[in-house]
Every structure is written in structure tokens, then in C-alpha cells.
Amino acid sequence: EMAAGLDRPQVVSHAQQALNYTLFDCKWVPRSARLLCLGSAARGSGLLQLYELRGGRLALLREIEKAKPLKCGTFGAASLQQRYFATGDFGGNLNIWNLEAPEIPVYSVKGHKEIINSIDGVGGLGIGEGAPEIVTGSRDGTVKVWDPRQKDMPVANMEPLQGESKRDCWTVAFGNAYNQEERVVCAGYDNGDIKLFDLKTMSLRWETNIKNGVCSVEFDRKDVDMNKLVATSLEGKFHVFDMRTQHPTKGFASVSEKAQKSTIWQVRHLPHNRDIFMTSGGTGSLHLWKYEYPAKRSKKDSEGAEMGVAGSLSLLQNVTLSTQPISSLDWSPDKKGLCVCGAFDQTVRVLIVTKLNKV
């Protein structure tokens, strides 16, 4: 059901910029009106562009070319003072860049044998407790956690067991980083597997399979006691797991929704309200959702064990921006409702979502 018409959030196109390369990721630079675009140039090299939002247009401040196409990036492990940017590339390299002097990385490691599909950071930007860490997920089937203060070796390496077939890891995300000790990584794979790794105990805490390749996973907040996790898939379906109550056999309660017929490439939670999130689709559309909690979030099963109760979802707004998939999405951490998205039509778009305080 759509929320009442007039008070519904509207998605307003604010600025857009055509690019002459394939865009894979875009990110707001924290505490600024700037954003980064990264991808692959026609001749097979990597491009990193820094733009500034000036009124209704994007001004290119800097363009840096690198040897390998850049697939993904994060500021999540950086301090607000430095704002170093970490990237994963097609050669399996994890690099950290000082955008003021981007010629040579401040940290570099050949992290994986194949392309790094996904990257996330935690412990920086004043968000979350504990060490600054970066997680990378690769086509080589492994998920690795890095502490940039420690050279060359990952602090954790989650790989298939002996005899297990390696699955392409498409998406990784940190969560549960609410104190110095606790931290988890969630990873999604091409066969529909979702795995939750506990970095405190260095063990697999939970796994499930959603039947379709997992394109994107994100916790509603990285730095709280695990609350909700959204996982999106190839077949237009996404799942919201209530992560507060883990049943010994049934795991976490979830609700699923089919947004459209095509792939849901990304999910991003609104930084200012963790119950609102946006999904981006293969049809060039964005859907804005709100999660409603049930009256009671847990109940006892017949054996007396606690099990979670899933809530429900309402669609607040949807908009089609492109004929091509919207493959990357990022909310501004500072300005509520400001958002950037990148699509395979080689366009980066800055959007403003209005009336978010009304929902």
C-alpha cells in the first residue's frame, strides 16, 4: 500500500553528469558536498573521479587513472581527519588512497586472486567501536578482513573448507560493531548463500540460502547491536531479517518482497532513519521502503526457545530514472535525503528525497 499521496516522499532529480566510462561505484565524501565515481575506462584502465556539487551541477575537480578497473570503494575505515578512500579492483588489489595526494596508495595489498566485487569499512568516521577494518569479498570465493595498520596479512580469512566448491562472493557488509570486541561480517554469494561470520569468535555464526544470487547485503546500522539485515537478489526479491533473536534451529525471522522482475542491485539504509531504505533495480528504478515492526519482536516456540517475529514492509515511493540498471547507490551521511546513484547508462545522478521526516 502506498502511503497517503501528498505526504509521500518524492524523489527529485537534482543534478546529473554523463561519463565516458563504465561506472561501478559512487560514494559521498564525508562532511563535504563532494562525491567520488569509480569504474573502468574503455581502454581497460581504472578511473577515479572527484566531483563537487555546485547548485544543480557536478563540477569535476580531479580525475585519476589507475592500472586496473576499480570495482568498489569505501570510507568506512577512515578517520574524519584523513578521509582516506579504500578501493577494490579487477586485479584483486586492495588500495587505500589519500585523495589529496592520490598518485601512490598509502596502503596496498594483493588481497585476492581475482576481482574484488565488494568492500566495506568500519571503525572509522567516528562510527562504531573498535579497530578500523576493511572487508573484501572476491570472485575467488574468499572474504578477507584487513586492518590497515597491519601490513600484508588479513586479520581474518573466510574461505571454502577443503572439498567445498568456491562460490563467487558478490557482497560483504560489517555489522554488530557496538563495542570494542563485537563485530560480524555478512557475505552473500552467487548461489544464494548468506553467511554471517563472527569476528570475535572467528566462527560461522549463521547461514541460509535465498535461492538466488545475493547482490547486496546491508545492516540497517553497523554500530548497533545487530538489528536488521536486508539482502537483495537476482530475481527481484529482497529479504529483511530481524537480527535481534536467533533461534537455535530456525535462525532469524524474515519477511520478503518482490520489488520487480529484474535484479535488485543495491540496498542502502537512510543514515538518519534505519527503518527506511532504498533498493535499486535492473530496470533503472529506485524503490523507497519502510519497515514496520510487529507488536512483539519475539515469541516462544513450543519448546520454550525464543524466536523472532518479522515485521512488514510498505513502499513509500518508486521512480524510474534510466533504461539501464542502477548499480550503485549512496546516501549522503550529512544531508538528509541527498543521494547519489550510478547506472550502466554511464550517468551519475544526484537526487533529493523530500518529506522523509513525514514517514
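The preceding data block contains the structure.
For the structure given in this document, a descriptive report is provided here. (Residues numbered from 1 in each chain as written. Predicted model: local features only at pLDDT ≥ 70, side-chain atom pairs only at ≥ 80, totals over all residues. Heavy atoms only, no water.)

Here we take up the overall build of the protein. Check the secondary structure of the protein and you find zero helices and 30 strands. For 359 residues, the compact-globule formula gives about 21 Å, and the C-alpha radius of gyration of the protein, at 19 Å, lands near that figure. Expressed along its principal axes, the backbone C-alpha trace of the protein runs to roughly 60 × 55 × 35 Å. By the burial criterion, 57% of the 359 residues in the protein qualify as buried. Partitioning the contacts of the protein with sequence separation of at least 6, the portion at a separation of at least 24 is 50%. Surface accessibility of the protein: about 15,100 Å² in total, with carbon and sulfur atoms responsible for 47%. Positive and negative side-chain charges in the protein, numbering 45 and 40 respectively, have mean positions lying 4 Å apart. (Helix = DSSP H or I, 4+ residues; strand = E, 2+ residues; numbered from the N terminus. Rg over C-alpha atoms; globule rule 2.2 N^0.38 Å. Buried < 20%, exposed > 50% of the residue type's maximum accessible area, 1.4 Å probe, protein only. Contact = heavy atoms within 4.5 Å. Areas by Shrake-Rupley, 256 points an atom, 1.4 Å probe, with all protein chains shown as cover. Lys, Arg positive; Asp, Glu negative; His and termini not counted. Charge placed at Lys NZ, Arg CZ, Asp CG, Glu CD.)

The four strands are arranged 2-3-4-5 in an open sheet whose pairing can be described as antiparallel. Of all the strands in the sheet, just strand 2 (22–28) and strand 5 (57–66) have a single pairing partner and so form its edges. Strand-to-strand twist in this sheet, taken as the mean axis angle between neighbours without regard to direction, amounts to 25 degrees. Note that strand 4 (residues 46–54) and strand 5 share nine bridges and pair antiparallel. Within strand 5, the residue paired with L48 across the bridge is I64. (Pairing = 2+ DSSP bridges. Axes fitted to C-alpha atoms, helices over the stretch in contact; angles between N-to-C directions.)

Turning our attention to a positive patch on the surface. The grouping of K211, K237, K258 and K261 at the surface amounts to a positive patch. Within the fold, K211 resides in the loop between strand 17 (203–209) and strand 18 (214–219). For K211, a relative accessible area of 70% translates into the label exposed. (Patch = residues over 30% accessible without salt bridge, like charges linked within 9 Å, V, L, I, M, F, W, Y side chains within 5 Å. Salt bridge = Lys/Arg side-chain N within 4 Å of Asp/Glu carboxyl O.)

What follows concerns the sheet that holds strand 21 (residues 254–258). Strand order in the open sheet formed by four strands is 18-19-20-21, and the pairing between neighbours is antiparallel. Here the strands that pair on one side only, and so sit at the sheet edges, are strand 18 and strand 21. Averaged over all neighbouring strand pairs, the angle between strand axes comes to 15 degrees, with direction disregarded. The pairing of strand 19 (residues 228–233) with strand 20 (residues 237–242) spans five bridges and is antiparallel. When the sheet's bridge partners are listed, V230 is paired in strand 20 with V240.

With that settled, the discussion passes to unusual backbone geometry. Most peptide bonds take the trans configuration, and most residues that are not glycine carry a negative phi. Residues other than glycine seldom take positive phi values, yet K211 does so here, at roughly 75 degrees. One non-glycine residue, K355, lies in positive phi territory at about 60 degrees. Position of K355 relative to the elements: it lies in the segment after strand 30 (347–353). According to the relative accessible area criterion, K355 is partly exposed, its value standing at 32%.

Evaluation of the coordinates by the stated rule reveals zero disulfides. C37 supplies the cysteine sulfur nearest to C26, a cysteine that is in no disulfide, at a spacing of 5.7 Å. (Disulfide = S-S within 2.5 Å.)

Moving on, we get to the pattern of salt bridges. Per the stated rule, a full pass over the model turns up 23 salt bridges. Between D168 and R139 there is a salt bridge, and its shortest N-O distance comes to 3.9 Å. In this pair, D168 sits in the loop between strand 13 (156–158) and strand 14 (169–175) while R139 sits in the loop between strand 11 (133–138) and strand 12 (143–146), placing the two residues 29 residues apart along the sequence. According to the relative accessible area criterion, R139 is partly exposed, its value standing at 39%. Between D220 and R274 there is a salt bridge, and its shortest N-O distance comes to 4.0 Å. In this pair, D220 is assigned in the loop between strand 18 and strand 19 and R274 in strand 23 (residues 273–281), connecting sequence segments 54 residues apart. Exposure remark for R274: the relative accessible area of 25% places this residue in the partly exposed category. Linked by salt bridges that have partners in common, D220, K228, R274 and D275 make up one network.

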